[in-house]
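Observations on the three-dimensional arrangement
Listed below, chain by chain, are the residues.
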Amino acid sequence: GFGASAEYWRETVPALASAGYKVYALDLLGFGASPKPASEPYSISLWSELVLAFAREFVQEGPYVVMGNSVGSLAALDVATKQASLS
């Protein structure tokens, strides 16, 4: 939820990495260590678009899994919906 950060995943990331996954832990805009612009109209759609932009730049091949906690889970669902509509 609000006030959360990628730090919440500190115990999960090593487990996923040891299982063979390449793992990225992102702070959504306005959360954790990310910028917090007061004028930005925060929304699930904005956050999912930012996650998709990150994936386009850094996840170059193959399918990928997006997970989130609280608000991040809603952004992850929106990413999945948008990706499914692109297929």
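Residues numbered from 1 in each chain as written. Predicted model: local features only at pLDDT ≥ 70, side-chain atom pairs only at ≥ 80, totals over all residues. Heavy atoms only, no water.

Looking only at helices and strands, one finds three helices and zero strands in the chain. With respect to the principal axes defined by its C-alpha atoms, the chain has extents near 40 × 35 × 20 Å. Intrachain contacts of the chain at a sequence separation of at least 6 include 55% that bridge at least 24 residues. Entry remark: accessible area of the chain is about 6000 Å², with carbon and sulfur atoms responsible for 59%. Placing the 5 positive and 8 negative side-chain charges of the chain at their respective mean positions leaves the two points 1 Å apart. (Helix = DSSP H or I, 4+ residues; strand = E, 2+ residues; numbered from the N terminus. Contact = heavy atoms within 4.5 Å. Areas by Shrake-Rupley, 256 points an atom, 1.4 Å probe, with all protein chains shown as cover. Lys, Arg positive; Asp, Glu negative; His and termini not counted. Charge placed at Lys NZ, Arg CZ, Asp CG, Glu CD.)

What follows is about the side chain of Ser-48. Residue placement: Ser-48 occurs in helix H2 (residues 44-58). For Ser-48, a relative accessible area of 0% corresponds to the buried category. A distance of 3.0 Å separates a polar side-chain atom of Ser-48 from the backbone oxygen of Ser-45. In this structure the side chain of Ser-48 is engaged in a polar contact, spanning 2.5 Å, whose partner is the side chain of Asp-78. (Buried < 20%, exposed > 50% of the residue type's maximum accessible area, 1.4 Å probe, protein only. Polar contact = N/O pair within 3.5 Å; in protein donor to acceptor, adjacent residues only side chain to side chain.)

A few words now on the pattern of salt bridges. Taken as a whole, this structure holds three salt bridges when the rule is applied. Salt-bridge contacts for Arg-10 lead to Glu-7; the nearest nitrogen and oxygen are separated by 3.6 Å. Close ionic contact of Lys-82 with Asp-78 constitutes a salt bridge, the shortest N to O distance being 3.0 Å. Of the two residues, Lys-82 and Asp-78 are both situated in helix H3 (residues 71-86); the distance of four residues between them amounts to about one turn of the helix. Look at the salt bridges and you will find they share partners, linking Glu-49, Asp-78 and Lys-82 into a network. (Salt bridge = Lys/Arg side-chain N within 4 Å of Asp/Glu carboxyl O.)

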